[in-house]
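Spelled out from the first residue to the last, the chains are:
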Amino acid sequence: MLPLLSEKKVTLYLKREDEIHPFISGNKYRKLKYNLTAALHEGFKTVLTFGGAYSNHIAATAYAAWEAGFKSIGIIRGEELVDRWKTNPTLQFAHSCGMQFQFVSRTSYREKTTQLFLNDLREAHGHFYLIPEGGTNALAVQGCREIITATDAGFDLLCSSVGTGGTLAGIIAAAHQGQRVIGFPALKGDFLKEDIRSFATRDNWSLQTDYHFGGYAKVDEPLVRFINDFKHKTGIPLDPVYTGKMLFGILDLVKKDFFVPKTRILAIHTGGLQGIAGMNSKLKKKKLPQIDL
Ligand SMILES: *Cc1c(COP(=O)(O)O)cnc(C)c1O
């Protein structure tokens, strides 16, 4: 246990969603579950989705699609990866699950939700079930409700990291009466609140926007040291893009007496550990300390 918690009389539990499946990381399992069921029922043979080079969503979709018997296509941001993807652990893994890649420039990647772009994709790849970037849609939110169960009713506060907000929306919907939900965005931007509101109708939640560490997938030395120290003290590995930032934020707020004594917090470990290898190779190039494996 961390001395800070007993000193401040705050209880913190981590729900280990990172351990629910060996390859389909944490919340991505929840988000894919009803999407793949729907794709199966609707008779699709192929699923197509989008992501960056180190995307947990790409890795999870590739494995889940393979397991369910689908062909999978990944539209990957960054044309330069065409001849570099073999040294990228995430893409290597996705490829080993049979995912077929199409690498696109950052400019066309931004167009990925337009009708024109989708028409081109249908022409190139035929009929497919589309899973949006990050996997967030109504069926994903439905799956994420299952993160919170009856046994979680004793907590005052539920915390989760936020990317697109789909996971948080599910937690907001499933929170028990009287529970508050706090999201920790892993990226900068004000659009998140609106995105979350489009899926979540309750007002039991808020965002802590000070813990993005400069933006999506940006890390610095203090964050790496925090992740290593946390693992050393608790035995629990955290990922640098999402859960590391959330836990850093929660403990910083504890330190600042943001939570009243006796607050019982349940933080969701949403997974993402597959991304550590890729992040470490980036840290190495920048001569920064590595995340302990
Ligand atoms: C994708 C991801 C998130 C963010 O989930 P959203 O539903 O997009 O907000 C959080 N944690 C991990 C580990 C993830 O892989």
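Scroll up to find the structure.
Here's a quick rundown of the structure. All values derive from a computational prediction rather than experimental measurement. (Residues numbered from 1 in each chain as written. Predicted model: local features only at pLDDT ≥ 70, side-chain atom pairs only at ≥ 80, totals over all residues. Heavy atoms only, no water.)

**Here's the deal with the site of the ligand**
For step 1, the next point in the chain: The local shell around the ligand holds 15 residues, among which Lys28, Lys31, Thr164, Thr167 and Thr270 are the closest.
For step 2, the next point in the chain: A distance of 2.6 Å is found between an oxygen atom of the ligand and a side-chain nitrogen or oxygen belonging to Lys28.
For step 3, the next point in the chain: Between an oxygen atom of the ligand and a main-chain N or O atom of Gly163, the distance comes to 2.7 Å.
For step 4, the next point in the chain: Notes on the ligand: free accessible area 390 Å², of which the protein chains cover 98%.
For step 5, the next point in the chain: With three residues, helix H2 (residues 26-41) is the single largest residue contributor to the shell around the ligand.
For step 6, the next point in the chain: Split into classes, the residues belonging to the shell around the ligand amount to two nonpolar, eleven polar and two charged. (Near = heavy atom within 4 Å. Polar contact = N/O pair within 3.5 Å; in protein donor to acceptor, adjacent residues only side chain to side chain. Areas by Shrake-Rupley, 256 points an atom, 1.4 Å probe, with all protein chains shown as cover. Helix = DSSP H or I, 4+ residues; strand = E, 2+ residues; numbered from the N terminus. Nonpolar A, V, L, I, M, F, W, Y, C, P; charged D, E, K, R; others polar.)

**Topic: the pairing of strand S9 (residues 264-269)**
For step 1, the next point in the chain: Judged by how many residues are buried, S9 sits mostly within the fold: five of six residues are covered.
For step 2, the next point in the chain: Direction of pairing for strand S1 (residues 11-16) relative to S9: parallel, over a ladder of six bridges. Within S9, the residue paired with Tyr13 across the bridge is Leu266. (Buried < 20%, exposed > 50% of the residue type's maximum accessible area, 1.4 Å probe, protein only. Pairing = 2+ DSSP bridges.)

**Quick word on the sheet that holds S9**
For step 1, the next point in the chain: Spatially, S1-S9-S6-S7-S8 is the arrangement adopted by the five strands of the open sheet, whose pairing is parallel. Where the open sheet ends on each side, the last strands, each with one partner, are S1 and strand S8 (205-207). This sheet shows a mean twist of 25° between the axes of neighbouring strands, independent of strand direction.
For step 2, the next point in the chain: Pairing geometry for strand S7 (residues 180-185) and S8, over three bridges, is parallel. Bridged to Val181 within S8 is Trp205. (Axes fitted to C-alpha atoms, helices over the stretch in contact; angles between N-to-C directions.)

**Thoughts on the sheet that holds strand S4 (residues 100-104)**
For step 1, the next point in the chain: Ordered by their spatial adjacency, four strands build an open sheet running S4-S3-S2-S5, and the pairing between neighbours is parallel. For this open sheet the edge positions go to S4 and strand S5 (129-131), each flanked by a neighbour on one side alone. If you compare each strand with its neighbour and ignore which way they point, the axes differ by 20° on average.
For step 2, the next point in the chain: With six bridges connecting them, strand S2 (residues 46-51) and strand S3 (residues 71-77) associate as parallel partners. Across the sheet, Val47 pairs through a bridge with Ser72, a residue of S3.
For step 3, the next point in the chain: In this fold H2 packs onto S2 and S5, with an angle of close to 170° to the strand it touches most, S5. (Contact = heavy atoms within 4.5 Å.)

**Looking at empty space enclosed by the protein**
For step 1, the next point in the chain: Tallied over the full model, the rule gives one cavity of 30 Å³ or more.
For step 2, the next point in the chain: Computed from the structure, the largest cavity encloses a volume of approximately 30 Å³.
For step 3, the next point in the chain: Lining the largest cavity are Ile227, Asn228, Lys231, Pro237, Leu238, Ile276, Ile291 and Asp292.
For step 4, the next point in the chain: If you tally residues by element for the lining of the largest cavity, the top one is helix H10 (residues 221-234), at three residues.
For step 5, the next point in the chain: Split into classes, the residues belonging to the lining of the largest cavity amount to five nonpolar, one polar and two charged. (1 Å grid on protein atoms, 1.4 Å probe; cavity = no way out; pocket = protein on both sides within 12 Å on 5 of 7 lines; lining within 4 Å. Points joined across faces, edges and corners; volume = space filled by probe spheres on them.)

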